[in-house]
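The primary structure of each chain is shown beneath.
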Amino acid sequence: MTSRTMVCLVGEDGYLRVGTRFRYDSADPYAVSVVFNVDTATPNKWEFARELLAAGRQELSGTGDVQIWPSEILGSTVVFISVRSGTEVEVVAACATVIDTFLERTHQLVPPGEEKQHLDIEDIVCRLLDQSA
């Protein structure tokens, strides 16, 4: 399942709108992927826990390279997503309604707590063995 939207890259000079694609695959039920700069020569893909995205809707969540938290900008509820690679940090602001809708759709595909039932352990082992050969 894919959801395309625009987010705002937060910079020193203000906000820059960036095409973004949120993706969820029930074959990898614990994760979501987000591609920033969709349809450009420099797409930037991140994968992180679906649970982190859901928790970040309520409060500051994440202690590693990805942190997510809710806020308001000019009376609109947004979700900030901060991603770190080495010393570089990028922060984007996404519409909270878009995030909520995306999460709701992922929960319809795989309800929280039922992720384990959707894992194909045999396939995962085969892929790992193929990669190491």
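Throughout what follows, the structure given in this document is the object of discussion. (Residues numbered from 1 in each chain as written. Predicted model: local features only at pLDDT ≥ 70, side-chain atom pairs only at ≥ 80, totals over all residues. Heavy atoms only, no water.)

1. Observations regarding the packing of aromatic side chains
Okay, so step 1: Tallied over the full model, the rule gives two aromatic pairs.
Okay, so step 2: When the ring of Phe22 is compared with that of Phe102, the centres are 5.5 Å apart and the planes differ by 50 degrees; the resulting orientation is tilted. Of this pair, Phe22 sits in strand E2 (residues 14–23) while Phe102 sits in helix H2 (residues 96–109), placing them 80 residues apart in sequence.
Okay, so step 3: Residue classification places Phe102 among the buried residues on the basis of a relative accessible area of 2%.
Okay, so step 4: Ring geometry for Trp69 versus Phe80: centroids 5.4 Å apart, planes at 25 degrees, classification stacked. With a gap of 11 residues between them, Trp69 in strand E5 (residues 66–73) and Phe80 in strand E6 (residues 76–85) connect regions that are remote in the sequence.
Okay, so step 5: Given a relative accessible area of 24%, Trp69 falls into the partly exposed group. (Phe/Tyr/Trp six-rings, centres within 6.5 Å; stacked < 30°, edge-to-face > 60°. Helix = DSSP H or I, 4+ residues; strand = E, 2+ residues; numbered from the N terminus. Buried < 20%, exposed > 50% of the residue type's maximum accessible area, 1.4 Å probe, protein only.)

2. Section: the side chain of Arg57
Okay, so step 1: Assignment of secondary structure puts Arg57 in the loop between helix H1 (50–56) and E5.
Okay, so step 2: If we ignore the near neighbours within four places in the chain, the residues touching Arg57 are Pro70, Thr77, Val79, Ala96, Ile99, Asp100 and Leu103. (Contact = heavy atoms within 4.5 Å.)

3. As for the nonpolar core
Okay, so step 1: In terms of nonpolar packing, the biggest core is built from 23 residues, with Phe36, Phe48, Leu53, Val66, Ile68, Ile81 and Ile99 touching the most fellow members.
Okay, so step 2: For this core, the elements supplying multiple residues, two or more each, are E2, strand E3 (31–36), strand E4 (44–49), H1, E5, E6, strand E7 (88–95) and H2.
Okay, so step 3: Sorting elements by how many residues they give to this core places H2 first, with four residues.
Okay, so step 4: Leave out the neighbours within four places in its chain, and Ile68 touches Phe48, Leu52, Leu53, Gly56, Glu59, Leu60, Ser61, Val79, Phe80 and Ile81. (Core = buried A, V, L, I, M, F, W, Y, C linked by side-chain atoms within 4.5 Å.)

4. Focus on the environment of Glu115
Okay, so step 1: Along the chain, Glu115 turns up in the loop between H2 and helix H3 (121–132).
Okay, so step 2: The buried category is assigned to Glu115, whose relative accessible area is 12%.
Okay, so step 3: A C-alpha to C-alpha distance of 31 Å links Glu115 and Gly86, two positions 29 residues apart in sequence.

5. A look at the pattern of salt bridges
Okay, so step 1: Per the counting criterion, the structure on display carries three salt bridges.
Okay, so step 2: Of the charged contacts in the structure, one is a salt bridge between Arg4 and Asp39, with a shortest N-O distance of 2.4 Å. Separated by 35 residues along the polypeptide, Arg4 in strand E1 (residues 2–11) and Asp39 in the loop between E3 and E4 bring together distant segments of the chain.
Okay, so step 3: Of the charged contacts in the structure, one is a salt bridge between Arg57 and Asp100, with a shortest N-O distance of 2.5 Å. With Arg57 in the loop between H1 and E5 and Asp100 in helix H2, this residue pair connects regions lying 43 residues apart in the sequence. (Salt bridge = Lys/Arg side-chain N within 4 Å of Asp/Glu carboxyl O.)

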